[in-house]
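# Observations on the three-dimensional arrangement
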Amino acid sequence: MAEHYANPFLGRHMTRKKTKAGVGFEHPAKGEDRCGECAHFQAPESCERVQGYIQPEDWCRLFRRA
Ligand code: SF4
């Protein structure tokens with residue numbers, strides 16, 4: 001996202017979030033795991049790894065249990 005490129009305090013590896021399409025995003029999650037239990041989730045509605053509006057009942061392949 002453009003505002004991340006403009007932030008001089010973030011390294012290059014931190015500048016890009018993945019698209020939902022690129023990480024097998026599911027809304028809502030089909031399995032047991034949920035964004036709300038993921039280490040990358042940023043309440044109330046975003047994720048540090050994936051772009052866009054993310055809800056606690058969603059899921060993607062980058063899931064890592066918090
Ligand atoms: S499961 Fe994926 S989209 Fe959800 S919080 Fe974790 S990394 Fe983000």
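On a predicted model such as this, the values are computed, not experimentally measured, just so you know.

What follows is about the environment of W59. Inspection of the secondary structure assignment puts W59 in the segment after β2 (46-47). On a C-alpha basis, the gap between W59 and H27 in space is 6.9 Å, while along the polypeptide they are 32 residues apart. Non-local contacts of W59, meaning those with residues more than four positions away in its chain, are made with E26, A29, G31, D33, R34 and C35.

Residues in contact with the ligand amount to 13 residues; listed here are only the nearest, C35, C38, H40, C47 and C60. Across the shell around the ligand, the residue classes tally to 10 nonpolar, 1 polar and 2 charged.

Right, let's talk about the nonpolar core for a bit. Core analysis: the biggest nonpolar cluster contains 10 residues, these being F25, C35, C38, F41, C47, V50, I54, W59, C60 and F63. With residues up to four places along the chain from it excluded, the contact list for C60 reads V23, G24, F25, E26 and V50.

All right, on to the environment of V23 then. With respect to the helices, strands and loops of the structure, V23 is situated in the loop between α1 (2-5) and β1 (41-42). Accessibility expressed as a C-beta count within 10 Å gives 18 for V23, which makes it partly exposed. Expressed as a C-alpha distance, the spacing of V23 and F63, which sit 40 residues apart in the sequence, is 9.6 Å. Residues contacting V23, with those up to four places away along its chain left out, are K18, V50, C60, R61 and L62.

So, how was this worked out
By convention here, each chain's residues receive numbers from 1 onward along its written sequence. For a predicted model such as this one, the threshold for reporting local features is a pLDDT of at least 70, and the threshold for listing and counting side-chain atom pairs is 80 or more; totals across whole chains, interfaces and linings nevertheless cover every residue. A run of H or I in DSSP becomes a helix once it reaches four residues, and a run of E becomes a strand once it reaches two; helices and strands are each numbered from the N terminus. Each residue is represented by a C-beta atom placed from its backbone, and any two residues with such atoms within 7 Å are regarded as in contact. Throughout this description, a residue near a molecule or strand is one whose C-beta atom, derived from the backbone, lies within 6 Å of it. Polar here means any residue outside two lists: the nonpolar Ala, Val, Leu, Ile, Met, Phe, Trp, Tyr, Cys and Pro, and the charged Asp, Glu, Lys and Arg; Gly therefore counts as polar. Only buried Ala, Val, Leu, Ile, Met, Phe, Trp, Tyr and Cys residues enter a nonpolar core, and they are joined through C-beta atoms within 7 Å. Three exposure classes are used, based on other C-beta atoms lying within 10 Å of a residue's own C-beta, which is placed from the backbone: buried for 20 or more, exposed for 12 or fewer, and partly exposed in between.

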